[in-house]
Amino acid sequence: MNLLSPLSRLIRQLMSAAALALAVLAPPAAAQTPYAGPLFDAHLHYNDEASARYPVADVLGRMQRSGVRAIVANSRPNDGTKALAAAREATRRAGVTVVPFVRLYRNRADYSGWHADPSIVEMVQRELAAGTEAGPYRGLGEFHLYDSANADGPTAKRLMQLAEERGLAVLAHVDDVAITKLFAHAPTARLIWAHSGIGDVPIERVRALLQRHPTLMGELSYRPGLTVADDRLSPAWRSLLTEMPERFLVGSDTWVNGRWDDYEALMQQTRRWLGDLPPAVARRVGWENGAALFGLAAP
Ligand SMILES: [Zn+2]
C-alpha cells in the first residue's frame, strides 16, 4: 500500500538525495566532539627536576583532572618512577594505574652514550631484579638514538634481546632506519615508537614499518603533521589511524617541566583530535591499546 502521491514521493527522494550529498560533502570537521573516555598516557616522564617541583599528589591531580587512568612511568634517574609506584594509596584514590619502565639514563650524559655502555645493562638488570612497589617493571625506555647507526651498539642490541626474552615493551625515540636495526636484534620485541617518526619520517614509511613489524606500535606525541589547525586530525593521519586502530597510543611526553605546566591542556588537545576519529577507534587509541599491551582492566 502506498499513500504517497507520485509528486510527494519525488520530493521526498530529492530531499533524501540532497541530505546524502550534504553528508558526503560536509567536512568531518563539522561536528567534532572531544573524546570523553579514559586515557592511557603511554609516554610520561617524572624526572628529578619535575619531582622537585611537582609532588606526587600534584602530578596525580593533573592526571585525574585529565581523565588519565594509566601511565607508562619513567624517569631520569629511576627514582621518580619508584616514587609514583610507591604511592599506592594516592594512585588508587586518583584512579591511575602506574606501569613502570626502567629508564636507561642516570643523568644527562647517558643520553648520548648509553648504547655502548655496559654499565647501563648492569643498572637495568639490577632495576629489573628489584622491581617497584607497584609490581615488576613492564618495559625499558624511553631511550634516544640521535644517530641510527648506534642502534647496533652493544648495549642497544643486548637490551633489545633482553626485552624480547622477558616480554618487556621498549619505548624508543628513534628514526625509521633505527627501527629496522632494532628489530633485526629482536624481531618479536614489543617496540613502542615514541613520536612515530618525529624527524620528518613520511607517513607512508610509518605505515610500511607497521605492516612489516606486527609488534611495532606508534606513540603520537609531537608527531609532525598529525594535526592541522585547531587541533583537528589531518586527513592522512585520520586514514592511517582508522586503517590500523590497534597500533597507536597517545602520550604527554613530560620531558621538561613546561609540559607538566601544560599537562591538562595537552590532554585536552589529545581529546580534541581523538574526537575526529570514529568513537570506537578513538577509544582504542586513547585507552584500549595501552590497556591491552599491559593487561589492564577497563577503568
Ligand atoms: Zn620522551
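Now for a look at the structure at hand.

1. Quick notes on the sheet that holds strand β2 (residues 68-74)
Line of reasoning, step 1. Spatial strand order, β1-β2-β3-β4-β5-β6-β7-β10: eight strands in an open sheet with parallel pairing. The open sheet has two edge strands, β1 (39-45) and β10 (248-249), and neither has a second partner.
Line of reasoning, step 2. The pairing of β2 with strand β3 (residues 97-102) spans four bridges and is parallel. By the bridge assignment for β3, Ala 70 is matched with Thr 97.
Line of reasoning, step 3. Sitting on the sheet, helix α9 (residues 176-185) touches β4 (139-144), β5 (169-173), β6 (190-193) and β7 (216-219), and the angle it makes with β6 is about 170 degrees.

2. Focus: the coordination of the zinc ion
When a metal carries six donors in an octahedron, the ideal angles between them are 90 or 180 degrees, while four donors in a tetrahedron ideally lie at 109.5 degrees.
Line of reasoning, step 1. At 2.0 to 2.4 Å from the zinc ion lie its protein donor atoms, namely His 43 (NE2), His 45 (NE2), Glu 142 (OE) and Asp 253 (OD).
Line of reasoning, step 2. Of note is the zinc ion, whose four donor atoms meet at the metal with angles of 84 to 169 degrees in an arrangement that counts as irregular.
Line of reasoning, step 3. Sequence positions of the donors to the zinc ion reduce to the motif H-x1-H-x96-E-x110-D. Remark: Asp 253 occurs in the loop between β10 and α12 (257-261) and His 45 occurs in strand β1; sequence separation between them is 208 residues. Accessibility classification places His 45 together with Asp 253 in one group, the buried group.

3. Here's the deal with the packing of helix α10 (residues 203-212) against helix α11 (residues 235-243)
Line of reasoning, step 1. Direction vectors running N to C along α10 and α11 enclose 10 degrees, while the axes themselves pass 11 Å from each other. In terms of orientation, α10 lies roughly parallel with respect to α11. Across the interface between the two elements, Ile 203, Val 206, Arg 207 and Gln 211 from α10 touch Ala 236, Trp 237, Leu 240 and Glu 243 from α11.
Line of reasoning, step 2. Across the contact of α10 with α11, the residue classes tally to five nonpolar, one polar and two charged.

Reading the values: the criteria
- Residues numbered from 1 in each chain as written.
- Predicted model: local features only at pLDDT ≥ 70, side-chain atom pairs only at ≥ 80, totals over all residues.
- Heavy atoms only, no water.
- Pairing = 2+ DSSP bridges.
- Helix = DSSP H or I, 4+ residues; strand = E, 2+ residues; numbered from the N terminus.
- Contact = heavy atoms within 4.5 Å.
- Axes fitted to C-alpha atoms, helices over the stretch in contact; angles between N-to-C directions.
- Donors = N, O, S within 2.8 Å, 3.2 Å for Na, K, Ca; no water.
- Tetrahedral: all angles 85-135°; square planar, octahedral: opposite > 155°, others 65-115°.
- Buried < 20%, exposed > 50% of the residue type's maximum accessible area, 1.4 Å probe, protein only.
- Parallel < 35°, antiparallel > 145°, perpendicular 65-115°, else oblique.
- Nonpolar A, V, L, I, M, F, W, Y, C, P; charged D, E, K, R; others polar.

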